[in-house]
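Read off the chains here:
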Amino acid sequence: MRNSNITFNIAGAFSHSDVIFEHYSKNKSIYNSYKKIYVYDGIDDCSWNGGRVNDKSLVLNDDLMDTAERYYSIGWGIKITLSNNIIDLKDSKGLRILEKFHKRGNGVILRNKDLKNLISKEFPLYETTHSITGALQDATLSEENLNFYRDLQKEYDFIIPRLENNLDPNLEKLDKSKIEILINDKCVYNCPYFKKHYDYIASLNLPSEHSEEELAKSGMCWINEKFLKIVTELDIKRHGFRYGMKLSKEQIVYLIDRGFYNFKILGRNFADTPLCLSLDKYIIDYDC
């Protein structure tokens, strides 16, 4: 049975909690058939956050913790995204977040080694996931890059490889139990701005004033829109079934049957409807 082996990590733990709980109530039997469900988010306008520019409305208060308790009551874990590459370990907001969610079954998504060492020492109940934002600029799975992932697998409970790697046969040379596949993102293969863009987004979460233009730039692709469409169509044609972005059910079943069981659904920056559509597409019965 496939479902009983699968773990899903769903975006928007707090920013889309209403959508997630409603979807769960309508599809409870399917959710309950999976091995484990996590939800993830970044909260409290914290300088440690990465991946997305801070949502300043997500404040660490009683209402947010009540939402967390609702997830715990149905057996779900929460993963907090603290994936900035630059970390001040004395940041009071970051430390408070770690204290509030420190319980077995929860996790932290991160990329900074100093923060990883702090968590291992002071907050050992957390599972740790190495963020895709810290992946290599070079997306090829050469032996050197496989060794980069192998080294990370020694330190972290899970790693998230680049999207280009999702259906690369060389990915099977790694410990599959420690790989979490991001299944519904899209980008250009070997994007020249991959690391620069993520590091730029992370910089906007550091204490400073940022213009509306800077904030808008963070959410846009840096590649010309017309060129982006052409390149993406060429990538899809070139890679066919092994095109590793916005995976189909058939591609996910292919991965499951090869021993990949951990999947991540992106959508913190989505509106409610697109996130719900992603849940409709991916929270389905894989046993059939």
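Residues numbered from 1 in each chain as written. Predicted model: local features only at pLDDT ≥ 70, side-chain atom pairs only at ≥ 80, totals over all residues. Heavy atoms only, no water.

A.B. asks: Looking at this structure, how should I read the overall build of the chain?
C.D. replies: If you tally the helices and strands in the chain, you get 11 helices and eight strands. The C-alpha atoms of the chain give 18 Å as radius of gyration, which agrees with the globular expectation for 288 residues (19 Å, within 12%). Taking the principal axes of the C-alpha coordinates as reference, the chain spans close to 50 × 45 × 40 Å. Considering only intrachain contacts with a sequence separation of at least 6, the fraction spanning at least 24 residues in the chain is 75%. If the 40 positive side-chain charges of the chain are averaged to one point and the 42 negative ones to another, these points end up 4 Å apart. (Helix = DSSP H or I, 4+ residues; strand = E, 2+ residues; numbered from the N terminus. Rg over C-alpha atoms; globule rule 2.2 N^0.38 Å. Contact = heavy atoms within 4.5 Å. Lys, Arg positive; Asp, Glu negative; His and termini not counted. Charge placed at Lys NZ, Arg CZ, Asp CG, Glu CD.)

A.B. asks: How should I be thinking about the pattern of salt bridges in this particular structure?
C.D. replies: Two side chains of opposite charge can pair, provided their charged atoms sit close to one another. On inspection of all chains with the given rule, the structure shows 10 salt bridges. Between lysine 79 and glutamate 180 there is a salt bridge, with its nearest N and O atoms 3.5 Å apart. With lysine 79 in strand S3 (residues 77-82) and glutamate 180 in strand S7 (residues 180-182), this residue pair connects regions lying 101 residues apart in the sequence. Pair check on accessibility: lysine 79 and glutamate 180 agree, each one buried. Taking the shortest distance from any N to any O, the salt bridge between lysine 154 and aspartate 151 comes out at 3.8 Å. A residue pair is termed a helical-turn pair when its members lie 3 or 4 positions apart in one helix, as lysine 154 and aspartate 151 do in helix H6 (residues 143-155) at three residues. Exposure remark for aspartate 151: the relative accessible area of 42% places this residue in the partly exposed category. (Salt bridge = Lys/Arg side-chain N within 4 Å of Asp/Glu carboxyl O. Buried < 20%, exposed > 50% of the residue type's maximum accessible area, 1.4 Å probe, protein only.)

A.B. asks: Help me understand the sheet that holds S3, please; the structure alone is not making it clear to me.
C.D. replies: Strand pairing within a sheet occurs via backbone hydrogen bonds; the two strands may be parallel or antiparallel. Here eight strands make up an open sheet; going across it, the order is S6-S5-S4-S3-S2-S1-S8-S7 and the pairing parallel. Every interior strand has two partners, whereas the edge strands, strand S6 (158-159) and S7, have only one. The sheet strands contacting helix H5 (residues 113-122) are S3, strand S4 (107-110) and strand S5 (127-130), and the helix crosses S4 at an angle near 165°. (Pairing = 2+ DSSP bridges. Axes fitted to C-alpha atoms, helices over the stretch in contact; angles between N-to-C directions.)

A.B. asks: What's the story with the nonpolar core in this structure? I'm lost.
C.D. replies: One recurring pattern in soluble globular proteins: nonpolar side chains tend to sit buried together. Grouped together as the largest cluster of nonpolar side chains are 82 residues, with contacts concentrated most on Phe8, Ile10, Leu98 and Phe101. Not counting residues up to four positions away in its chain, the partners in contact with isoleucine 10 are Ile20, Tyr31, Ile37, Tyr38, Val39, Tyr40, Ile265, Leu279 and Ile283. (Core = buried A, V, L, I, M, F, W, Y, C linked by side-chain atoms within 4.5 Å.)

A.B. asks: What exactly am I supposed to notice about the packing of aromatic side chains here?
C.D. replies: The relation between two aromatic rings is expressed through the spacing of the ring centres and the mutual angle of the planes. Counting across every chain of the model gives 16 aromatic pairs. When the centroid spacing of 4.5 Å and the interplanar angle of 20° are considered together, the rings of phenylalanine 21 and tyrosine 71 count as stacked. Taken together, the residues span a long stretch of sequence, with phenylalanine 21 in helix H1 (residues 17-26) and tyrosine 71 in helix H3 (residues 62-73) at a distance of 50 residues. Of the two residues, phenylalanine 21 and tyrosine 71, neither departs from the other in class, the shared state being buried. Judged by centre distance (5.3 Å) and plane angle (80°), the ring pair of tyrosine 24 and tryptophan 76 falls under edge-to-face. With tyrosine 24 in helix H1 and tryptophan 76 in the loop between H3 and S3, this residue pair connects regions lying 52 residues apart in the sequence. (Phe/Tyr/Trp six-rings, centres within 6.5 Å; stacked < 30°, edge-to-face > 60°.)

A.B. asks: Explain the side chain of asparagine 9 to me, please; I cannot follow it from the model alone.
C.D. replies: Locating asparagine 9 in the fold gives a position in strand S1 (residues 7-11). Of note is the side chain of asparagine 9, whose polar atom sits 3.4 Å from the side chain of glutamate 180. Leaving out residues up to four positions away in the same chain, asparagine 9 has contacts with Tyr38, Val39, Tyr40, Lys79, Ile109, Glu180, Phe263, Lys264 and Ile265. (Polar contact = N/O pair within 3.5 Å; in protein donor to acceptor, adjacent residues only side chain to side chain.)

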